[in-house]
Amino acid sequence: MASPTICAIASGIGGGIGIIRISGSQAIQTAQRILSPWPVEIESHRLYYGHVIAPESSEVIDQVLFVLMRGPRSYTGEDVIEIHGHGGQVTLRRIIEVCLSVGARSAEPGEFTRRAFLAGKLDLTRAEAVASLLGAQSVQAARQATRQLGGELGARLSQQRRQVTALLGELEGLLDFPDLDEDAAILGRIRAKLSELYAQLSSLGLSFRAGGKALSSGLELALLGRTNAGKSSLVNALSGSERVLVDAKPGTTRDFVEVKAEWDGVPVTLIDTAGERADKSELEEQGLRLGQRRYSGADLALIVVDGKLGLGPEEQGLISSLPASLPYLVVWNKTDQVGCLPVPTDAVGVSALNGWGLDVLRKRVLARLAGSVTAQDELVVTSARQAEGLRLAAEALARAEQVIASGCAVEMAASELRIAGARLGELTGEEVTDAVLDAIFSRFCVGK
Ligand SMILES: Nc1nc2c(ncn2[C@@H]2O[C@H](COP(=O)(O)OP(=O)(O)O)[C@@H](O)[C@H]2O)c(=O)[nH]1
Ligand SMILES: [Mg+2]
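Novice: Would you mind going over the state of the cysteines with me for this structure?
Specialist: As used here, a disulfide is simply a covalent bond connecting the sulfur atoms of two cysteines. According to the stated counting rule, one finds zero disulfides in the structure shown. Looking at the unpaired Cys7, the closest cysteine sulfur is the one in Cys99, lying at 4.7 Å.

This is the structure:
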């Protein structure tokens, strides 16, 4: 079936050059009607000079370069024309209008990549990596996306899916030709293989919580503590900016303030809050409430303590009021001061004033929240969809193993293996529904 011809602005708007992409079975005919001069015999993958001309009025819209990439040697696998025009938004939109006037339609978000996937140009993990790469907010995020784009994750998952299919084949063989003596040995081997696959899939799935999330959405750290403990000073010191006001007078921070930083290639948002104190003003009270709502979803609370005062009822109260989902780390500040109390073993000693201990603190936080990301060679899963799919596949394998161990019917184990295979197939796209594809590609921008 011939696919409808689609077009979109594929580059950003406002750069020196803007790129319009046209893809589909009628891409050449569409381009031919709006580009002049059209080469007598157009060659694929060669750049031509010409004009975009409105067919009705013959008005020259832009001076451009254009290129044909004949399918299947193109991004989508179809005939693709790219027009390199001037980057102004009015001109680019007018070129799109001209394309539409000769029968192309506007591409939906991610539609080019979806076609590339359907044409077998990339598996689903690579298609998702395209979106991650475009959205990457840090060097580490871009690095992982590039790895996935290279196909490493897809290749691994597809190989694991083949192993599941092979095990399923063996089980089905047992069903067809039962032989009590041999079966026990075969089942033992299948169980061992299942445990091994289970361990691989679940640890890959867990890498999302242990780092993938850090890369895709960044880490959020809330700095909490009593007034004057040095929270705002620490936010400034940890982000290398003078973003937040600091003062010797307590109650300087009324509102919560968010400051962005990047630690070891991981995006970090530091949330500075109004401090706790007994005689707080109405405004501080309000600021505290707002702050609580904001930080309750953070990844870690840093309880900042004035090292000269130590852990008091204010801090204890704060710690016990933290949501159960929010872990905390005690940061012993002002260690530069004479009379600073000894740093407890589970706390990190720092000085916001002269920078002592800040590197240790950053390392501790990263090790705790993003351990597998900063270990360079580890492959991590960066989407919640992939983590969920891996968890479901791993659970099905664990159930299959239990079924075999408990001597239950082999059919039951086989059906669990089918589930595991299907979940893995959904991740690579070898076995995927339109609804899943819709959900994935709707996150893309138009033009990709
Ligand atoms: N000596 C010393 N003073 C600090 C340190 N950190 C903050 N301060 C001082 O403590 C006071 C309160 O700091 P601030 O950051 O506003 O505290 P916040 O209320 O917790 O945000 C200011 O006078 C800071 O200069 C530190 O590490 N050492
Ligand atoms: Mg403050």
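Novice: Mind showing me how you'd approach helix H14 (residues 410-428) here?
Specialist: Side chains that are three or four residues apart share a direction in an α-helix, a result of its 3.6 residues per turn. Here H14 contains 19 residues, and its C-alpha end-to-end distance of 27 Å stays within 8% of the 27 Å for a straight helix at 1.5 Å per residue. Taken together, the buried positions of H14 are Val410, Ala413, Ala414, Glu416, Leu417, Ala420, Gly421, Ala422, Leu424, Gly425, Leu427 and Thr428. Buried residues along H14 sit against helix H3 (111-118), helix H4 (124-135), helix H6 (152-176), helix H7 (180-206) and helix H13 (384-405). Immediately beyond the C-terminal end of H14, within one or two residues, lies Gly429, with a positive phi of roughly 90°.

Novice: How should I be thinking about the nonpolar core in this particular structure?
Specialist: Counting residues in hydrophobic clusters, the biggest one holds 33 residues, and the most contacted among them are Leu171, Leu194, Leu390, Leu397, Leu417 and Leu424. The biggest single contributor to this core is H13, with nine residues. Those residues in contact with Leu171 that sit more than four places away from it in its chain are Leu187, Ile190, Ile404, Val410, Ala413, Ala414 and Leu417. Leu219, Leu221, Val244 and Val266 belong to the second-largest nonpolar core, a separate cluster that totals 30 residues.

Novice: What's the story with the pairing of strand S9 (residues 257-263) in this structure? I'm lost.
Specialist: The two faces of a sheet get side chains in turn, since along a regular strand they alternate between them. Burial of the side chains of S9 is restricted to one face: Val257, Val259, Ala261 and Trp263 are buried, whereas none of Glu258, Lys260 and Glu262 on the reverse face is. Connecting S9 to the antiparallel partner strand S10 (residues 266-272) that follows it, the hairpin turn spans two residues, and Asp264 within it adopts a positive phi of roughly 50°.

Novice: Sorry, what's going on with the environment of Pro72 here?
Specialist: Mapped onto the elements of the fold, Pro72 is located in the loop between strand S5 (60-69) and strand S6 (80-86). With a relative accessible area of 56%, Pro72 lands in the exposed category. C-alpha separation for the pair Pro72 and Thr165, spaced 93 residues apart in sequence, amounts to 30 Å. With residues near it in sequence (within four places) discarded, Pro72 still touches Gly77 and Lys121.

Novice: Could you clarify how one ought to interpret helix H15 (residues 434-441) in this entry?
Specialist: Three or more residues of H15 are buried, namely Val436, Leu437, Ile440 and Phe441. Within H15, the buried residues cover an arc of 120° as seen down the axis, which keeps them to one side. In H15, the exposed positions that point more than 90 degrees away from the buried face belong to Asp434 and Ala435. Buried residues along H15 sit against H3, H4 and H13.

Novice: Looking at this structure, how should I read the domain arrangement of the chain?
Specialist: Along its sequence, the chain is organised into domain 1 (6-107), domain 2 (126-207 + 382-441) and domain 3 (216-373). Its C-alpha centre places domain 1 at a distance of 53 Å from the equivalent point of domain 3.

Rules behind the numbers
- Starting from 1, residues in each chain are numbered consecutively following that chain's sequence as written.
- Here every chain gets a letter starting at A, and every ligand a number starting at 1, in the order they are written.
- With pLDDT at 70 or above as the cut-off, local features in this predicted model cover only qualifying residues; side-chain atom pairs require 80 or more to be listed or tallied, and sums for whole chains, interfaces and linings still use all residues.
- Only hydrogens and water are set aside when side-chain values are computed; all heavy atoms of the structure are taken into account.
- The definition used for a disulfide is geometric: two cysteine sulfur atoms within 2.5 Å.
- Numbered from the N terminus, helices here are DSSP runs of H or I no shorter than four residues, and strands are runs of E no shorter than two.
- Expected helix span is given by 1.5 Å per residue-to-residue step, counting one fewer step than there are residues.
- For every residue, the accessible area (1.4 Å probe, protein chains only) is compared with the maximum for its type, and the residue is labelled buried under 20%, exposed over 50%, or partly exposed between those bounds.
- Only heavy atoms enter the contact rule, under which two residues are in contact if any of them lie within 4.5 Å.
- Nonpolar core, defined: a set of buried Ala, Val, Leu, Ile, Met, Phe, Trp, Tyr and Cys residues in which side-chain atoms within 4.5 Å join the residues together.
- Any two strands are treated as partners once DSSP identifies two or more bridges connecting them.
- It is the directions from the helix axis to the C-beta atoms whose arc is reported.
- Where each domain begins and ends is defined by an automated method or by a domain database.

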